[in-house]
Amino acid sequence: MASLKDDQKPLEDVARESLGTFAAIADAARNHLASATKASLSVPIADNTWTSPEPDRNRRRIDQENADGYRLLSLEPAIARVAVVDEEGSKTTYYICRAAPVSVADKRIKLASYRSPVGRLAALPVGADHTLRRDGHTISVEVLEYARFQPKFADGEWDARNSIVEGDAYGPLTIESLRRLLERGEPDIDATLLDNLLGEESEAANVREGLRRSVITKMDLRDQPILDQYQDDIFRLPLNSRLLILGAPGTGKTTTLIRRLGQKLDIAFLDEDEQRAIGAGSRDGQTNHARDWVMFTPTELLKLYVKEAFNREGIPAPDDRISTWADFRDDLARNEFSILRSASNSSSYVLKEAARTLKAESENDAIGWFSDFDQWQKAAYWDEMRASARSLSEHAAPDVARVGARLLATIGTDEAEAPHIFLSLLPIADEIRAMVETRKDATDAKIRGALNLQVNKDRRFLDDFGSFVEGLSDLIDEADDQDSEDEDDAGPPRVGRAAALNHYMRVVRSQARARARKRTVAKASRTGRIIEWLGDRTLPDPDLQAIGESLLIQSALRWFVNPVRRYVDGVPQRYRRFRRARQAEALWYRPEGFSPTDIHPLEVDIILLAMMRGTDDLVRRARRLVDTENPARSILERLNHLYRTQVLVDEATDFSPIQLSCMATLARPGTRSFFACGDFNQRVTSWGTRSVEQMRWVIPDIETRSISVAYRQSRRLHELARQLVRLAGNGAAEVVLPDYAENEGVPPVLALNMNDTSKTAAWLAQRVLEIENFVGELPSIAVLVNSEADVRAVADALGDALVAHNIRVIPCPDGQVRGRENAVRVFNVQHIKGLEFEAVFFVGVDTLAENQPDLFDKYLYVGATRAATYLGMTCEHSLPARMVTLREQFEEAWR
């Protein structure tokens, strides 16, 4: 390779050609944008827009996407240049763009999207071979030169900053400015020696050997338009791939995930089978595919920065497509599956983040906990179904006994064949429904008659009764859960006389069933309290007995009117009984300290997974239940409209195997596309996924790929991170820094005995000023503290210490970001997963070790690896014992 002192003509040729190409592409993009805007304005709105607005909306969406692509190209014409030679010695130069390409007047310019097969060239090193399709033929090419650009238009001219170039005769080199490279020329004959010397120094600074890392000046996910060859290979995998990307901090896992989604949303780059799978043959199919994805992040802050990265790629990312699992789960549990109490359902569960329901073993062995519940609840379902069929077969009424015998034979004993059983029950459902409705009409008439009698005696009866029932809203009927599944009052009224009527009917039914079973209703229960209040204002005992016997037959029959509804929607009620049973056995649950209505988020997860897996199994294996009109269809359609063609998960190891399995179930049958990324060493939740084995429980056929080149940290901080992993007793991943990287960095700094906030703030302020002096501006700086309570206190003290230097310090409670870019921000450490900063200060490391002994090593590793170049730590007293061996790595200051 030639050195910087050799002839720079090859570099100048590349620079001259590239800048000219930028101008040509940008001009073409602006012309296309102008034409597209004019054409869009000239197209009239269709006459039927009010009755059928979808076609017009689709056309406008496509027009907008095209316009956005042209606009992006006019601002960023190309991100790479690649010269290749084929087997016949013919040389071709391609320019690679982030957006869709446009036709350029100069036909010598070959422009391709990075998402296209040609775009793969931009990720390959010089000397690599690649196969391309050209004019219908397959050819083999070798990469001769590459350049990666950050184009910028200023003062009427194009330039590119910090371009990385390499050829077979030079590089890799970092060129600070292509424009300045071309302006260097020969010095004037009368220039002074001082001017010549300064000019040489400037020229040498403009073209430097190796890869120069840019300073992180704002809070953002690093923009990496071109992936390396390993990342590139991953993001081009087929649509139906199921993959876990593993890698240390700064290896570009999230970036690869985002590029992956961008390419797979672009129908032009899907193969024929993939296009057929998503229904791309129709305009509606193309429109739906653009919205048919979901991505999960563990924190709200990471979600915001991933959304910004999506925007750079031209991918709209509204909240219904990128979400934290907590928000998504709450919506599913409250509005879709009716697990949590709401105005539209009768559930009694109230979600409480701090509910003390679970033992530690439930978090540590979530798979065992879920498996225990799922086996229990399925066995309970089939046992109850068979018991209902058996009771019908033994009934004195011949028509009932005949139906019961038929049902017993249909159910059989093989529970694994649930889809076949439900399909086999369809032909008899209508007959059973008629039997139920006849009996229900008769029992309802008797109960309404009793209520009508009370109303005639006392016109205020319903109002008084309703007021009494409303006062019992905090009580539940655990013992009556199973019977409540038999009620057909969908969406009963919640207030007023209609609600009072509904409560009266339900209570008398419960009373009658108890009488027929020769049981009593618990006096302390909600129903028991209401029965006590009603006294003799229901029905005489003989009537209650007769109604109860009819209700028991109805209950047994109703199992088979819509068995799928009870199979899926009965899971929450069965969970309540499971929790009560295991609590008595001292398994999974604490013995006391919570209300029967309290439910922890992790409990909601296992209920959701049981419901979603049960539904998904039927959707895949019993399509007739979805494709034909039948009682089960509405239950299965609920998940059908939740399916997404692509499911992506960032920082997957922070989610439990149960949560990940819920996410994976959302992947549409037919593609089952699931892409996740993470690092087991960065798991900072006690329930997070801990191993590849646990991931294989989630998705048995999942593939794992590791990314091993880390781009974020300096060599010094990279080495510290490796030692932190070893201290935790984990194997350090095989991670390397990029070849030719110019990034030695500085040692981390440490301050001990910082047991006073003002003292800590003074030390932090000195370090911040040192960084600003080194960099020449204030880069992105984060101060990490151990709790939300410390965020404001440390921010205020540090702000006072820096006010004279006009440096603003912004507290970020709950990870909320606001204010200007050029400020120091203070976070609780739990919110900064996935982000990166030029400098990070970790306050009170020894306090963290004391407060979080189980997760200390994870938090320390995550916090330390947020920093690219500058890392500082403070301890209130001394280094934690497990860090003492690292003391020699630290200095007191960067002076």
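Computed from a prediction, not measured in an experiment: that's the story for all the values here.

Cut-off values and rules
Residues numbered from 1 in each chain as written. Predicted model: local features only at pLDDT ≥ 70, side-chain atom pairs only at ≥ 80, totals over all residues. Heavy atoms only, no water. Helix = DSSP H or I, 4+ residues; strand = E, 2+ residues; numbered from the N terminus. Buried < 20%, exposed > 50% of the residue type's maximum accessible area, 1.4 Å probe, protein only. Contact = heavy atoms within 4.5 Å. Areas by Shrake-Rupley, 256 points an atom, 1.4 Å probe, with all protein chains shown as cover. Pairing = 2+ DSSP bridges. Axes fitted to C-alpha atoms, helices over the stretch in contact; angles between N-to-C directions. Expected span 1.5 Å × (residues − 1). Arc of directions from axis to C-beta. Left-handed = near helix turned anticlockwise from the far one by under 90°. Nonpolar A, V, L, I, M, F, W, Y, C, P; charged D, E, K, R; others polar.

Further remarks concern the overall build of the protein chain. Helix and strand counts for the protein chain come out as 31 helices and 25 strands. Going through the 895 residues of the protein chain one by one, you find that 53% of them count as buried. Long-range contacts, defined here as pairs at least 24 residues apart, represent 74% of the contacts in the protein chain between residues at least 6 apart. Counting only carbon and sulfur atoms, one obtains 49% of the accessible surface of the protein chain, whose full area is about 39700 Å².

Quick look at the sheet that holds strand 17 (residues 673-678) now. Within a beta sheet, neighbouring strands are joined by backbone hydrogen bonds and run either parallel or antiparallel to one another. What the six strands build is an open sheet, ordered 13-12-16-17-11-18; its pairing is parallel. Pairing within the sheet leaves two strands with one partner each, and these edge strands are strand 13 (322-324) and strand 18 (703-707). Ignoring strand direction, the axes of neighbouring strands in this sheet form an average angle of 20 degrees. Bridge count for strand 11 (residues 242-247) against strand 17 is five bridges, and the pairing is parallel. Looking across to strand 17, one finds that Leu-244 is bridged to Ala-676.

Turning our attention to the pairing of strand 1 (residues 80-86). Counting buried residues in strand 1 gives seven out of seven residues, a clear majority hidden from the surface. Burial of strand 1 is two-sided: the residues Ala-80, Val-82, Val-84 and Asp-86 facing one way and the residues Arg-81, Ala-83 and Val-85 facing the other way are all buried. Where strand 1 lies against strand 2 (residues 91-97), six bridges are found, and the strand directions are antiparallel. Counted as the bridge partner of Ala-80 is Ile-96 from strand 2. Taking the residues that link successive antiparallel strands as the turn, the strand 1-strand 2 hairpin has four residues, and the phi of Gly-89 there is positive, at about 85 degrees. Bridge analysis of strand 1 against strand 5 (residues 137-148) gives seven bridges, and the strand direction is antiparallel. Bridge pairing links Ala-83 to Glu-145 in strand 5.

Spatially, 20-25-24-21-23-22 is the arrangement adopted by the six strands of the open sheet, whose pairing is parallel. Here the strands that pair on one side only, and so sit at the sheet edges, are strand 20 (749-751) and strand 22 (809-811). The mean inter-strand angle of the sheet, taken between neighbouring strand axes irrespective of direction, is 20 degrees. Against the sheet, helix 28 (residues 757-775) touches strand 20, strand 21 (781-785), strand 23 (824-828), strand 24 (837-842) and strand 25 (867-874), its axis set at about 160 degrees to strand 25.

In an α-helix, one full turn covers 3.6 residues, which means residues spaced three or four apart are oriented alike. With 14 residues, helix 13 (residues 398-411) should cover 20 Å at 1.5 Å per step; its first-to-last C-alpha distance of 20 Å lies within 8% of that length. All of the buried residues in helix 13 are Val-400, Ala-401, Val-403, Gly-404, Leu-407 and Ile-411. Relative to the axis of helix 13, the buried residues are bounded by an arc of 160 degrees and lie together on one face. Seen from the buried face of helix 13, the exposed residues on the opposite side, beyond 90 degrees, are Pro-398 and Ala-409. Where helix 13 is buried, its residues contact helix 12 (366-393), helix 14 (418-457) and helix 19 (541-558).

Further remarks concern helix 24 (residues 633-640). Ile-635, Leu-636, Arg-638 and Leu-639 are the residues of helix 24 that are buried. The arc enclosing the buried residues of helix 24, seen along the axis, measures out at 140 degrees, which places them on a common side. In this structure, the buried residues of helix 24 make contact with helix 10 (325-336), helix 20 (563-569), helix 22 (601-621) and helix 23 (624-627).

A few words on unusual backbone geometry. Despite not being glycine, Ser-338 has its phi angle at roughly 55 degrees, a positive value. You can see Ser-338 is positioned in the loop between helix 10 and strand 14 (350-351). Here Asn-806, not a glycine, exhibits a phi torsion of approximately 60 degrees, which is positive.

One way to put it is that helix 22 packs onto helix 25 (residues 657-665) with a least axis distance of 9 Å and a crossing angle of 30 degrees. The handedness of the crossing between helix 22 and helix 25 is left-handed. The segment helix 22 lies against helix 25, with Leu-602, Asp-605, Ile-606, Leu-608, Leu-609, Met-612, Arg-613 and Asp-616 engaging Ile-658, Gln-659, Ser-661, Cys-662 and Thr-665. Counted by class, the contact of helix 22 with helix 25 contains seven nonpolar, three polar and three charged residues.

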